[in-house]
Amino acid sequence: MSTIIMSQCWPLQGLSVTQKAVLISLADQANDDGVCWPAVGTIAARCCMSPRAVRTAMDHLEVVGLLTRDRRFNSSTVYNVTPAKFDKAAAPSKGTRKTGKAGTASGAGAAPRAGVRPCRWDAPRAGGDAAGAGLEVRPVPPNRHITTNEPSEEPSSPAGLSAAPPVVDPETELQAACRATWAAYASAYRIRHGVAPVRNAKVNANVKQLVQRLGHAEAPAVAGWFLTVNERYVVQNMHDLGSLLSKCEAYRTQWVTGRQMTATSAQQQDQTQSNANAADEAKAKLRQLREATNAH
């Protein structure tokens, strides 16, 4: 949205409600140069009116200099909103819009006589004028409502503008990641236990939380790797997803490093750390005794 174009369009007077709504909708979608390319259907939905009413309003905006249209084959029409060129005097007066209704219709006359078949016009007389002679022929005005098809999607590279990034639905990506995570877990579960895992609403919720905590890319790999864990608690629970979800970040670290932290491994590391702490304390005491001896 361009605040420059919007601020120039709001104060304009002499427009109908429909024309002003279409103008503001275009200004809302334009850049600072006034360029935009929305579909007519999009504008109609935004302004709560029919596409025909939108095109009629655009015709008026173009006449008074507020809008120019660049119609392109098999592509969206590019609009240029130009509030600085507004010419209120260029608008057609209300009295000259539909002059064809006044007066008597061409060819109107007396009613046909009894027994005579009515016709639209008399047959040509021998040697006389051709059929239809004397009838007023008016030029057919061009139908300015006929435009090229305007797709609902925006063009890939409109003139003067960079292509907009594709819109990605985050919910669709999450669903795809959940399906991949469940497929990896179920396949590894059948290999480890010989049966398919149970799937219900609680399991689906665990899978979604797992994807949200570990990310779309790593959740499937960690779920499949989890079936190789041999911790006593995990094996007793038959590698249920609740056990994985309770410490999924820790299991992810084990998956990345390739080292499983079992109770025995943790006990060994705890003993090693205790020995290291005892050695550090012994070194500190020896250092203190040496400093005391040197002081005397």
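Conventions and cut-offs
- Sequence order sets the numbering: in each chain, residues are counted from 1 along the sequence as written.
- Note on the predicted model: pLDDT of at least 70 is required for a residue's local features to be given, and 80 or more for side-chain atom pairs to be given and counted; whole-chain, interface and lining totals, by contrast, use all residues.
- Only hydrogens and water are set aside when side-chain values are computed; all heavy atoms of the structure are taken into account.
- Put simply, two rings from Phe, Tyr or Trp (the six-membered ring, in Trp's case) pair if the centres are within 6.5 Å, and we call them stacked under 30 degrees between planes, edge-to-face over 60, tilted for the rest.
- Helix and strand assignments follow DSSP, with helices taken as H or I runs no shorter than four residues and strands as E runs no shorter than two, numbered in order from the N terminus.
- The buried label applies to any residue whose accessible area, calculated with a 1.4 Å probe on protein chains only, is under 20% of its type's maximum; exposed applies above 50%, and partly exposed to all values in between.
- Strands were regarded as paired on the criterion that DSSP finds at least two bridges between them.
- Any two residues whose heavy atoms approach within 4.5 Å are treated as being in contact.
- The angle between two axes is taken between their N-to-C directions and runs from 0 to 180 degrees, where each axis is a line fitted to C-alpha atoms and a helix contributes only its stretch in contact.

Trainee: Quick one: what's the story with the packing of aromatic side chains, residue by residue and with numbers?
Mentor: A complete count under the given rule lists 4 aromatic pairs for this structure. Centroid distance tyrosine 185 to tyrosine 189: 5.7 Å. Interplanar angle 45 degrees. Geometry classified as tilted. With tyrosine 185 and tyrosine 189 both in helix α5 (residues 170-193) and 4 residues apart, the pair spans about one turn of that helix. The residues tyrosine 185 and tyrosine 189 share a single accessibility class, namely buried.

Trainee: Residue-level account of unusual backbone geometry, with values.
Mentor: A positive phi is found at methionine 238, a non-glycine position, where the angle reads about 55 degrees. Mapping methionine 238 onto the fold places it in the loop between α8 (232-236) and α9 (241-246). With phi around 55 degrees, histidine 239 is a residue other than glycine that occupies positive phi space. Residue position: histidine 239 is located in the loop between α8 and α9.

Trainee: With reference to specific residues and values, describe the sheet that holds strand β3 (residues 78-81).
Mentor: Taken in spatial order, the 3 strands line up as β1-β3-β2 in an open sheet, and their pairing is antiparallel. One side of each edge strand has no neighbouring strand; the edge strands of this open sheet are β1 (35-36) and β2 (67-70). Summarising the sheet, β1 and β3 pair through 2 bridges and their orientation is antiparallel. Its bridge partner lying in β3, valine 35 is registered against asparagine 80. Together, β1, β2 and β3 form the strand contacts of helix α2 (residues 17-29), whose direction differs from that of β3 by roughly 105 degrees. Seen against the sheet, helix α4 (residues 51-63) touches β2 and β3 and runs at an angle of roughly 115 degrees to β2.

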